[in-house]
Structures are given as C-alpha cells and as structure tokens.
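Residue-level structural notes
Below, each chain spelled out in residue letters.
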Amino acid sequence: MICPEEILALDASDPLAAKRNEFCLPEQTIYLDGNSLGPLPKGVKEAVADAVQNQWGQDLISSWNKHGWIDLATQVGEQIAPLVGASRGQVICCDSISINLFKLISSALQLNPERQIVLSQQDNFPTDLYMVQGLTSLLGAERCQLKSVTTEQLVDAIDESVAVLLLTHVNFRDGQRHDMQALTRLAHDKGVLVVWDLAHSAGAMPLSLDQHNVDFAVGCGYKYLNGGPGAPAFLYVAARHQRAIKQPLQGWMGHQTPFQFDPDYQAAEGVQQFLAGTPNILSLVALNAALAVFADVDMQHVRAKSIALAEVFIQQLSQSDCTNEFTICTPLDAPQRGSQIALAHPYAYAITQALIDRGIVADFRAPNLVRFGLTPLYTRYQDIWRTVQVLSEIMQTKRYLDKKYQTRQKVT
Ligand SMILES: Cc1ncc(COP(=O)(O)O)c(C=O)c1O
Ligand SMILES: Nc1c(O)cccc1C(=O)C[C@H](N)C(=O)O
C-alpha cells in the first residue's frame, strides 16, 4: 500500500494545491463528482450576487449595454477558447450541448451534401445519438442516417460513405479517451467532417482543436468548467467553415443586426450566427466568474495531476482486500483515459450510496458502474487515498447490502 507519508508528500509538492482554496467545498466531504456537476468557485457567489442585486436589481434593462450582457456569450466563449486550443472568433457560449449538437450536425451535413451517414460510437452519450435520430426524422433518411459502431470497429467504419464523424472525446461511462488527432486526420482523409463532444475533457486536460484541424466541437459549462447547474454549453466552429454554413436555428440573436428587427433573417458573420435566442445572463455571469479559476492554470499540470490521481487510485485499489470484487473499466494506460475511474460491480448503485453516506460523493451509471471523477483543481491525493480505504471498508463489512442503499433516486 502507498503509505500516508507518501500521499502527504504528493499533496505538499502539488503545483495546483492552492487552487482548492478557490472553491466552496462542504466540510467532511470528498467530492468526486465534478465530472457531472462542478462545485461552486468562491468568485461566482459575488459575481452572481452583483448581477442580481446591482445589475438586474438597479440598472435593469440598461445592463445589456452598461454591464456588457449583450456580448457576454461571445466573451465567455473567448475565455473558453484557450482551454480548448482555439484561436479567437471560433468559440461561443450558448444553449445546451444537445441544442448545439443539433446546430452543428446539421451544419456539417450541409457541407457534405452527397453523403448522409453520421457515424458515431454506440456507447456515446445518449443525447448525441438522440440528436442524430431527431435529425433523421426531420430531414429524412436520405439526408441523415445514424450508424453507430463499437470503438474497435470505428477506424474501419470511417470511409467515403460517411458525412460526419460524431464522437465524444472521453466516454462518460468508462472514461476511455479517443485519439482526437488521429481520428480527425483519418476522417479528413476520407472526406468526413468531425464533430467532437468535449463534455468530459474541456477543463480536464489540454486540448488542441486548431492544431488538430477539428471542424466542429461542443462542450459543457457545468462539469469541469464549474459554471453551475444548467450552465450554458459552448460550441466551436473552425474559421474555415464559418462562411460556408448556415445553422438551422435561425434566431434573432444570431441575426446580423438583431435590433433592426428585420423580418428577414440575415446570419451574423462568424460564430455569432450560432446564437439563437436570448442568452441566459445569470448563468453566463456564473460561468464567466468560474472560468477565472483557470486564468493562471497550466493545463499540462492539470493533466499530469489527473493521471497521478488515477495512478494512486488504481495502485491502492489493486493492493486492497476488495480488488477482486471490482472490474476496473477505465483503461489502465494513461493516454487512453480521461479524468475518471469507473468500477463495475453488480451492487454498484448501493455501493455508491454507501460511499455518499460516508461523505464520499461518487456517482452511479447504469447498469453497474461506480464512477469517480478526478478533478485536479480541488481534489487532493489524500482524498483519493481515503476514498479507496472507505471503499475497502464498505466492501469488507458488506454495508452496501443495507436496505436503505437499495432505493433508486430519480437522478443518480
Ligand atoms: C458526453 C455528454 N454529452 C452531452 C451531455 C448533455 O449535455 P446537455 O445537458 O448540455 O445537453 C452530457 C451530460 O449531460 C455528456 O456527458
Ligand atoms: N446534466 C446532468 C443533470 O442535469 C443531472 C445529473 C447529471 C447530469 C450529467 O451531466 C450527467 C453527465 N453528463 C454524465 O456524464 O453522466
């Protein structure tokens, strides 16, 4: 077993250690669910209070100009851009991932009018697949058809029949990470456009969308970017495609001159055309303030610590009494995984509840996974060490068999 002294030494030499102070974290809680809902950054409280009390409360509608509300979606997008390796003018923050996927998949299909297949992976996050299914109902199978394959079949399935490759960079269930650069290159060689879902990678690792020649991407505001429940998502459209496409949700905020109230739609230039309706200002204010946490963070440090946290978890688990009870579903090879560990067990739900009862917040993903999100900005090595200890105790005592851990909640 790794000894407590070694763990404390890792925390003492962690270049990100001070970042933890920038978050509100409940006492006696180890929070390993930042891949579902990031915790509250301290700066967000003040920013939202100011937006409510002073901006909305006092300055009312003048705030659209006075406090820059009208440009906030663009401004927050520009703050996210360096985190995903995008230069200016290509990222905007709006709507949800689901809605942004609708806009981007239909835009990508327009660019490849002779083809209709949207290729994805069968264990992609369901909303990604649902959006393609919805587009098929809307456009007809002659314009949009979903083909989903296993990860192993993916490379062979990328061929000249495919219009769009739609993949989530890091799988939400097992944390397996695709090679974005290699798959994007392969897709382009076959004339296929790519849409990457960065829900489980933006804010968790360095990304290089421009460098890897990615066409389109979407990402999440409420997970690793800590923007709060229902925070707006973001989308990326490579500059080279912006003139050629027209997104289908032609809302007034994506018009060239919204306040001319022109009855005919004229798309704004650039990524602004991907706005549809009025931005959710309070949520944008929260996300904007949350992103300040990243201002002085080197994403290489974040990735290095994420790998190290996972190594501690895996090593400790493999030396614990309960190691044979679980299957580690996350790849053991660091480059092949994102920033989470998923353990399979038939009693995964009850084990997750028993962990939560002991102050360790993990989550359950049906049918049989306990999922531990590793978020280097506020998770310490000692938290991981303790998590494996408590898990081991729960397994040894079979506490998870207690009836109270069996009742399924609506949200898991
Ligand atoms: C990979 C992935 N894509 C999409 C979503 C859904 O995003 P939204 O709720 O913003 O539509 C999630 C999680 O909710 C996700 O994990
Ligand atoms: N968006 C969520 C929600 O509104 C409630 C609970 C969880 C979520 C999630 O984000 C789930 C997440 N995408 C996942 O990877 O499982």
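Residues numbered from 1 in each chain as written. Chains lettered and ligands numbered in written order. Predicted model: local features only at pLDDT ≥ 70, side-chain atom pairs only at ≥ 80, totals over all residues.

Another point: the nonpolar core. Counting 83 residues, the largest nonpolar core has Val84, Ile105, Val164, Leu165 and Ala217 as the members making the most contacts within it. Element by element, the count of residues in this core is highest for helix α5 (residues 97–111), at 8 residues. Formed jointly, this core draws a minimum of three residues from each of two domains, domain 1 (4–16 + 298–405) and domain 2 (48–294). Among all residues touching Ile105, those that are not within four sequence positions of it are Val118, Met131, Val132, Leu135, Val164, Leu166 and Val195. Counting 35 residues, the second largest nonpolar core, distinct from the first, contains Leu32, Ala350, Leu374 and Met395. (Core = buried A, V, L, I, M, F, W, Y, C linked by C-beta atoms within 7 Å. Buried ≥ 20, exposed ≤ 12 C-beta atoms within 10 Å, placed from the backbone. Helix = DSSP H or I, 4+ residues; strand = E, 2+ residues; numbered from the N terminus. Domains from an automatic or database assignment. Contact = placed C-beta atoms within 7 Å.)

So, on to the domain arrangement of the chain. By a widespread convention, an interface's size corresponds to the accessible area lost as its parts come together. Taken domain by domain, the chain consists of domain 1 (4–16 + 298–405) and domain 2 (48–294). Inter-centroid distance (C-alpha atoms) of domain 1 to domain 2 is 30 Å. Listed per partner, the contact involves 19 residues of domain 1 and 14 residues of domain 2. At the level of secondary structure, the elements contributing two or more residues to the side of domain 1 that touches domain 2 comprise α10 (299–318) and β12 (340–344). Tallying contributions element by element places α10 first for the side of domain 1 that touches domain 2, with 5 residues. Taken together, the residues of the side of domain 1 that touches domain 2 break down into 8 nonpolar, 8 polar and 3 charged. (Nonpolar A, V, L, I, M, F, W, Y, C, P; charged D, E, K, R; others polar.)

Moving on, we get to the sheet that holds strand β11 (residues 327–328). Strand order across the open sheet formed by 4 strands is β11-β12-β15-β14, with antiparallel pairing between neighbours. The sheet terminates laterally at β11 and β14 (363–365), the two strands that pair on one side only. Bridge count for β11 against β12 is 2 bridges, and the pairing is antiparallel. Looking at β12, one finds that Thr327 is bridged to Ala344. (Pairing = 2+ DSSP bridges.)

It is worth spelling out the UniProt feature "modified residue: N6-(pyridoxal phosphate)lysine" (unreviewed entry) in the chain at this point. Mapped onto this numbering, the UniProt entry gives "modified residue: N6-(pyridoxal phosphate)lysine" (unreviewed entry) at Lys223. In this structure, Lys223 sits in the loop between β9 (216–219) and β10 (234–237). (UniProt positions renumbered as here; feature names shortened; annotations may be inferred.)

On to the UniProt feature "binding site: pyridoxal 5'-phosphate" (unreviewed entry) in the chain. Cross-referencing UniProt, the feature "binding site: pyridoxal 5'-phosphate" (unreviewed entry) maps to Ile97, Ser98, Phe125, Pro126, Thr127, Asp128, Thr168, Asp197, His200, Tyr222, Trp252 and Thr278 in the present numbering. With the annotated positions falling across 182 residues, the maximum pairwise C-alpha distance of 30.7 Å shows that they are not confined to a single cluster. The residue Ser98 is located in helix α5 in this model. Here Ser98 falls in the partly exposed class, since 16 other C-beta atoms lie within 10 Å of it. Setting aside residues no more than four positions away along its own chain, Ser98 makes contact with Thr127 and Met131.

This part covers the sheet that holds β10. Across the sheet, 7 strands lie side by side as β4-β10-β9-β8-β7-β5-β6; this open sheet has mixed pairing. Edge strands, defined here as strands with exactly one partner in the open sheet, are β4 (91–93) and β6 (145–149). The mean angle between the axes of side-by-side strands here comes to 20 degrees, regardless of whether they run parallel or antiparallel. Direction of pairing for strand β8 (residues 193–197) relative to β9: parallel, over a ladder of 3 bridges. Among the inter-strand pairings, Trp196 is bridged to a residue of β9, identified as Ala217. Lying over the sheet, helix α6 (residues 126–139) contacts β5 (117–121), β6, β7 (162–168) and β8, oriented at roughly 150 degrees with respect to β6. (Axes fitted to C-alpha atoms, helices over the stretch in contact; angles between N-to-C directions.)

Turning to the pairing of strand β15 (residues 369–373), a few remarks are in order. With 5 of its 5 residues buried, β15 lies for the most part within the structure. Side-chain alternation along β15 places Leu369, Arg371 and Gly373 on one buried face and Val370 and Phe372 on a second face that is also buried. As paired elements, β12 and β15 share 5 bridges and run antiparallel to each other. Its bridge partner being in β15, Ile341 is matched across the sheet by Phe372. Between the end of β14 and the start of β15, which pair antiparallel, lie 3 residues.

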